[in-house]
Amino acid sequence: MRKLLILLSGSFLYCSFALAQETETTFENANSAYNAGQFEKAVMLYKEILESGQQSAELYFNLANSYYRLNQVGESIFYFEKAKQLQPMDEDININSAFAQNMAIDAVEVLPKSQFTLLEEKTIELFSQEGWAYVIVFMAWLLVFFWGLYLWNKAPVVKRTFFVSTLVLGLLLIGSLFIAVVKSSITAETTYGILFDEKIEVWAEPNSRAEVLFLLHEGTKVQMFDQLQEWQKIRIANGSEGWIKNAKVRSLKGFK
Amino acid sequence: MFNLPKLVLPNTLEVFEPEHGENVKTILSGMQGNIQDNYTVVPRFQGKYPIPPVSFSYFDPKKEKYFTLRSSEHIVDVYGGPIANNSSDNSSNFGAKQVLVNTDESFRFIKLNPNLEPIVKKEFWNSKLFYALLISPILLLIAFVLLMQRNQRISEDVEGSRLRAANRLSKKYLGEAKKNLKNKTLFYGALERALYNYLKAMLKIKADDFSKQKVTEILADRKLTGAEIQSFIVLLENCEVARYSPATDAKMQQDFDQALSVISNIDKKL
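Some words on the pairing of strand β2 (residues 19-27) of chain B
The side chains of a regular strand alternate, first on one face of the sheet and then on the other.
Residue and element names in this part refer to chain B.
Thought 1: Little of β2 sits inside the fold, with 0 of its 9 residues counted as buried.
Thought 2: Relative to strand β3 (residues 30-38), β2 runs antiparallel, the two sharing 9 bridges. Within the sheet, the bridge partner assigned to Ile27 lies in β3 and is Gly30.
Thought 3: Count of turn residues in the β2/β3 antiparallel hairpin: 2 residues.

Following this line, the structure appears as structure tokens:
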């Protein structure tokens, strides 16, 4: 029985190892296809890895580059955005993404942000959601440790030191808990998408009697809001809002 | 007459107002000629720019049908020049004799390291483990505070601590006697020994100069009342007598309890 178990677990390990090996080979094949100029084949192979349930900023970046070479604006921008979600500070991704943005018809001027909003964003982006969770747990333990030391010690100077540090840590803990909750609700509520229609009219209201506000083209990043039948409310980076009908908008929360 | 279809171009391209040219003659059978729009487009950044197809519909009166002409899509690939979002220092390039394309600004090659990870990951945030790790230090703190309070209470509670000490003593000295509650001779022997041992330990008297007289003196020195000393002496005498006289189990138990109370009484005073 035990032998069987070992054999089974061994074969399972081997299987997962073989699977990882396989996707890596696929990745390498796709890279050589890209280098040889066979961009369609590269796209197919990269997508195969995605289908197997694995992702990375590098994979999305390569996929986006292949689409850029194939002159598919929407797809290219979509996967550059996906890559940016995972690695927002990567230079390569940002440079190539700018190339893809150039290719899009719409150049949306980004609304300037106030100093306060920038500070708020920077604070929230200090850690990832997981990072904040670890920070909170660490702070909670440190807080209790200091509190314990405060209760334990008798000397007034030491007691005061630990009291102050406990207080500061407590405030920090509450603050980071608040930030983490806000961050998770923001990610839950805001959905961005990339427009895949070659050309689409943006209406003031979700009906055809309203007026057309402006036109959007493939590859524009929009924030997605409410939906009413075939109408979808959107907002673009310059702050304009409107409704689009039967639009091909692919949410950046999905991965295909 | 009619308008030519407009060209839609990427916004990052600089598009000048088209140069309009008309060469139309009006003759007897109608109008004939051509119209053209000449666009001047200047790319500001390197990269690829798609020129979307343009379509034009017209009605052919001979065939009595509508026709739509469509141009194919073109891609303009611009080499060199600055890239978008990085245009602050592009003016300095113009004066140079040879424009060097900064390698930092060209289209980057793909990445070769896969670094793959599963798309569906187990999240720590909002997980049960996260809450457990968040709550457990608070419980730990409460436990710690309770423990400290208990310690405090114990050190302040003198009466209780004395009692506990007496119990500990009785356990130490009277343990043997208690074991022999069924056997009279052994019980009283053990009890007597226990009482002496206790006194020896507490008063630091040597075993050889041990007599009831001496015990009374020493206990009196330690500010014990006469009744307390008396009860101790009586107990000692009891032990001696009872060894050679009939005694019931109830009497033994009573003596044992008395020994316990006497010891703890003296212990409180010393």
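As for the interface of chain A and chain B
Thought 1: Counting from both sides, the interface comprises 45 residues of chain A and, opposite them, 39 residues of chain B.
Thought 2: Broken down by secondary-structure element, the contributors of at least two residues to the side of chain A that touches chain B are α1 (2-35), β1 (54-55), α3 (57-69), α5 (91-103), α7 (129-152) and α8 (156-189) of chain A.
Thought 3: Here the side of chain A that touches chain B is composed, by residue class, of 25 nonpolar, 15 polar and 5 charged.
Thought 4: As defined by bridge partners, β1(A) adjoins strand β9 (residues 117-118) of chain B across 2 bridges and the pair is classed as antiparallel. Its bridge partner being in β9(B), A:Gln55 is matched across the sheet by B:Glu117.

Looking at the pairing of strand β7 (residues 241-245) of chain A
All names here are of chain A.
Thought 1: Sheet topology note: the strand β6 (residues 231-236)/β7 ladder contains 5 bridges and is antiparallel. Paired with Arg235 across the two strands is Glu241, which belongs to β7.
Thought 2: Taken together, β6 and the strand that follows it, β7, pair antiparallel across an intervening segment of 4 residues, in which Gly239 is found at a positive phi of about 100 degrees.

Rules behind the numbers
Residues numbered from 1 in each chain as written. Chains lettered and ligands numbered in written order. Predicted model: local features only at pLDDT ≥ 70, side-chain atom pairs only at ≥ 80, totals over all residues. Buried ≥ 20, exposed ≤ 12 C-beta atoms within 10 Å, placed from the backbone. Helix = DSSP H or I, 4+ residues; strand = E, 2+ residues; numbered from the N terminus. Pairing = 2+ DSSP bridges. Contact = placed C-beta atoms within 7 Å. Nonpolar A, V, L, I, M, F, W, Y, C, P; charged D, E, K, R; others polar.

Shape descriptors only; they carry no functional weight alone.
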